[in-house]
Amino acid sequence: MLFKKLKIVIIGGGAAGFFAAIRAAELSKSIKSPVDVVLLEASSSFLKKVRISGGGRCNVTHNCFDIQQFCQNYPRGEKQLYSPMSVFQASDTVEWFRNHGVKLVAEPDGRMFPDTNSSETIIECYNQSAKRSGVQLLTNHPVERVKKSPTGEFSIFIKNKETIVADKILIATGSSPFGYRLAKNLGHSITDLAPSLFSFKINDPLLKPLPGLSFSNAAVKLTVKLTVEGSKVFKQQGPLLITHWGLSGPAILKLSAWAAREMKASKYKAQLTVNWLGAESRQELVDLIESLKLTHPKSYISNVAPKGITKRFWAQLLSVSLIKPELRVSELSRKHLNLIVNRLYEAQFDVVGKNRFKEEFVECGGVNLKEINFKSMQSKICEGLYFAGELLDVDGVTGGFNFQNAWSTAWVAATDMVSSTKV
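Definitions and limits used
- Residues numbered from 1 in each chain as written.
- Predicted model: local features only at pLDDT ≥ 70, side-chain atom pairs only at ≥ 80, totals over all residues.
- Heavy atoms only, no water.
- Salt bridge = Lys/Arg side-chain N within 4 Å of Asp/Glu carboxyl O.
- Helix = DSSP H or I, 4+ residues; strand = E, 2+ residues; numbered from the N terminus.
- Buried < 20%, exposed > 50% of the residue type's maximum accessible area, 1.4 Å probe, protein only.
- Polar contact = N/O pair within 3.5 Å; in protein donor to acceptor, adjacent residues only side chain to side chain.
- Contact = heavy atoms within 4.5 Å.
- Pairing = 2+ DSSP bridges.
- Axes fitted to C-alpha atoms, helices over the stretch in contact; angles between N-to-C directions.
- Parallel < 35°, antiparallel > 145°, perpendicular 65-115°, else oblique.
- Left-handed = near helix turned anticlockwise from the far one by under 90°.
- Nonpolar A, V, L, I, M, F, W, Y, C, P; charged D, E, K, R; others polar.
- Phe/Tyr/Trp six-rings, centres within 6.5 Å; stacked < 30°, edge-to-face > 60°.
- Core = buried A, V, L, I, M, F, W, Y, C linked by side-chain atoms within 4.5 Å.
- Expected span 1.5 Å × (residues − 1).

Chemist: Is there a simple way to think about the pattern of salt bridges in this case?
Modeler: Two side chains carrying opposite charge are able to pair once their charged atoms lie near each other. Summed over the entire model, instances satisfying the criterion amount to eleven salt bridges. Note that Arg 76 and Asp 395 form a salt bridge whose closest N and O atoms lie 2.7 Å from each other. One end of the pair, Arg 76, is in the loop between α3 (67-71) and α4 (78-87); the other, Asp 395, is in the loop between β20 (385-387) and α13 (401-419), and 319 residues separate them in sequence. Just as Arg 76 is buried, Asp 395 falls in that class too. Measuring nitrogen to oxygen at the nearest pair gives 3.3 Å for the salt bridge that ties Arg 334 to Glu 290.

In structure tokens form, the structure reads like this:
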């Protein structure tokens, strides 16, 4: 079927693209401006990343409604996102879903999920909203190239199908290499790409027998050597998880986001310092260990793990410190105490590689932000071309921030596409 003139075509049926399609179609109806909205997806199904997000629960956004504070969670794009977030932020996301029959619930760490704890709730909501508003949903429509005519229209060439013509297009293809090529062919530059949100590979005897063990508030410092003369330091604090291959958890994932390009440049080699309990000073831990002498002087050292430390971790820490488990607490020497405190306060590890975070990886890099008007999400280079979501050089830390980037930029793009379209 040949569409002679479609006002809006959105390329990419992921989070940003699908939400933009719904917003464009709903706005078109509300302002009684007849705009056709077509959503093109190359594969056989929409919203794949939404389906697997949050372990199948979908971490929709984060429970923070201060825009400036929210934007501080983006290693790249913090300043630029302030404008679209001012139009559509996390509180607006919560309200939008409420108005569409989905209640979002905040967990203690701020992540927000549908109250059903199922990503299928979000997918069903989007599907129903798209159908009600009249979005044309086309799967198995892989775009091969896009060409802009002298008259300003876009010709969208689709593999084994007829060409679609549009007044305006939105590219929301996530971290797909094709999306970057499409943007470049339309005049845009792509910044250096690098994986973000990954865990660290570490081979160390302290960690090896303890996969699955977690700490609720560890302080971590990553030192990445960039040149012979210098290095760069990154710090985070939060939950930490020991894995079969090293360390993960929110604190590590945030480190990886902020250090994404530096870690790639160093070939994922760096030094990590871990303060397991997030203690503010060494003396705090000295006092913690010393208190055991007062409360359990005759007990074996292996039987009295300090508060906040599991017996498994304590036993392994004593073992790698060469402290005999049958040692009485009262017999703990100053040398032993210093060994323990050093490993608790500033354990040193060599990072030797990375592991992508399940299937929920995020890419650092994308369409150059200087080439986008963030008040409209329209290209400064090609009139009528818009971008949204992860295709941009914007990425957030873990916790719902990357989806909020998708919702906010998609909302602004769709709004401008419809409200500025002459029908």
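What follows continues from the structure just given.
Chemist: How do you make sense of the side chain of His 100 when you look at a structure like this?
Modeler: Position of His 100 relative to the elements: it lies in the loop between α5 (90-99) and β4 (104-106). One polar contact links His 100 to Glu 26, side chain to side chain, over a distance of 2.9 Å. In terms of polar contacts, His 100 uses its side chain to reach the backbone carbonyl oxygen of Trp 96, at 2.7 Å. Each residue touching His 100, except ones within four places of it in the same chain, is listed here: Glu 26, Cys 125, Ser 129 and Arg 132.

Chemist: So what exactly am I meant to see when it comes to the pairing of strand β5 (residues 111-114) here?
Modeler: Strand direction decides the pairing type here: strand β3 (residues 61-62) and β5, joined by two bridges, are antiparallel. The residue of β5 that forms the bridge with Thr 61 is Met 112. Here β4 runs beside β5; their pairing, made up of three bridges, is antiparallel. Directly across from Val 105, in β5, lies its bridge partner Phe 113. Following β4, the chain reverses through four residues before pairing antiparallel with β5; Gly 110 in that reversal takes a positive phi of roughly 100 degrees.

Chemist: Looking at this model, I keep getting lost on the packing of helix α11 (residues 311-320) against helix α12 (residues 334-345). Mind explaining?
Modeler: Closest axis-to-axis distance for the α11/α12 pair is 10 Å, and the angle between their directions is 120 degrees. If you check the angle between α11 and α12, you find them oblique. Taken as a pair, α11 and α12 cross one another with a handedness that is right-handed. On the side of α11, the interface is formed by Phe 313, Trp 314, Leu 317, Leu 318 and Val 320, while α12 contributes Ile 340, Arg 343 and Leu 344. Residue composition of the contact of α11 with α12, by class: seven nonpolar, no polar and one charged.

Chemist: Please clarify how the packing of aromatic side chains should be interpreted in this entry.
Modeler: The geometry of two aromatic rings is summed up by the distance between their centres and the angle between their planes. All told, the structure shown has 22 aromatic pairs when counted by the stated rule. Seen from their ring centres, Tyr 126 and Trp 407 are 5.8 Å apart, and the 90 degrees between their planes marks the pair as edge-to-face. Linking Tyr 126 in helix α6 (residues 119-133) with Trp 407 in helix α13, this pair joins segments that are 281 residues apart in sequence. Of the two residues, Tyr 126 and Trp 407, neither departs from the other in class, the shared state being buried. Seen from their ring centres, Trp 276 and Phe 349 are 6.0 Å apart, and the 85 degrees between their planes marks the pair as edge-to-face. With Trp 276 in the loop between β15 (270-275) and α10 (282-295) and Phe 349 in strand β16 (residues 347-356), this residue pair connects regions lying 73 residues apart in the sequence. Accessibility classification places Trp 276 together with Phe 349 in one group, the buried group.

Chemist: How should I be thinking about the nonpolar core in this particular structure?
Modeler: If you look at soluble globular proteins, the nonpolar side chains tend to sit buried side by side. Among the nonpolar cores identified, the biggest contains 90 residues, and Tyr 126 and Ile 156 are the most heavily contacted of them. In terms of residue count, α13 provides more of this core than any other element does, eleven residues in total. Apart from the residues lying within four places of it in its own chain, the contact partners of Ile 156 are Val 9, Ile 11, Leu 40, Val 143, Arg 145, Val 146, Thr 163, Ile 164, Ala 166 and Ile 169. Leu 222, Ala 251, Leu 337 and Leu 344 belong to the second largest nonpolar core, which has 50 residues in total.

Chemist: Explanation requested: the environment of Thr 415 in the structure shown.
Modeler: Here Thr 415 is to be found in helix α13. Looking at Thr 415, the relative accessible area reads 21%, which means it is partly exposed. Put simply, Thr 415 and Ala 24 are 391 residues apart on the chain and 6.2 Å apart in space, counted from C-alpha to C-alpha. Ignoring any residue separated from it by four or fewer positions in sequence, one finds Thr 415 in contact with Arg 23 and Leu 27. Within the structure, Thr 415 has its side chain in polar contact with the backbone oxygen of Trp 411 (distance 2.7 Å).

Chemist: I tried to follow helix α1 (residues 15-30) on my own but got confused; where do I start?
Modeler: An α-helical segment advances 3.6 residues per turn. Residues three or four places apart therefore align on the same side. For α1, built from 16 residues, the straight-helix expectation of 22 Å at 1.5 Å per residue is met to within 8% by its first-to-last C-alpha distance of 22 Å. Across the 16 residues of α1, 13 count as buried, placing the element largely inside the fold. Where α1 ends, the next residue or the one after it, Lys 32, has phi of about 55 degrees, a positive value.

So far we have only geometry, and geometry alone does not tell us how the molecule works.
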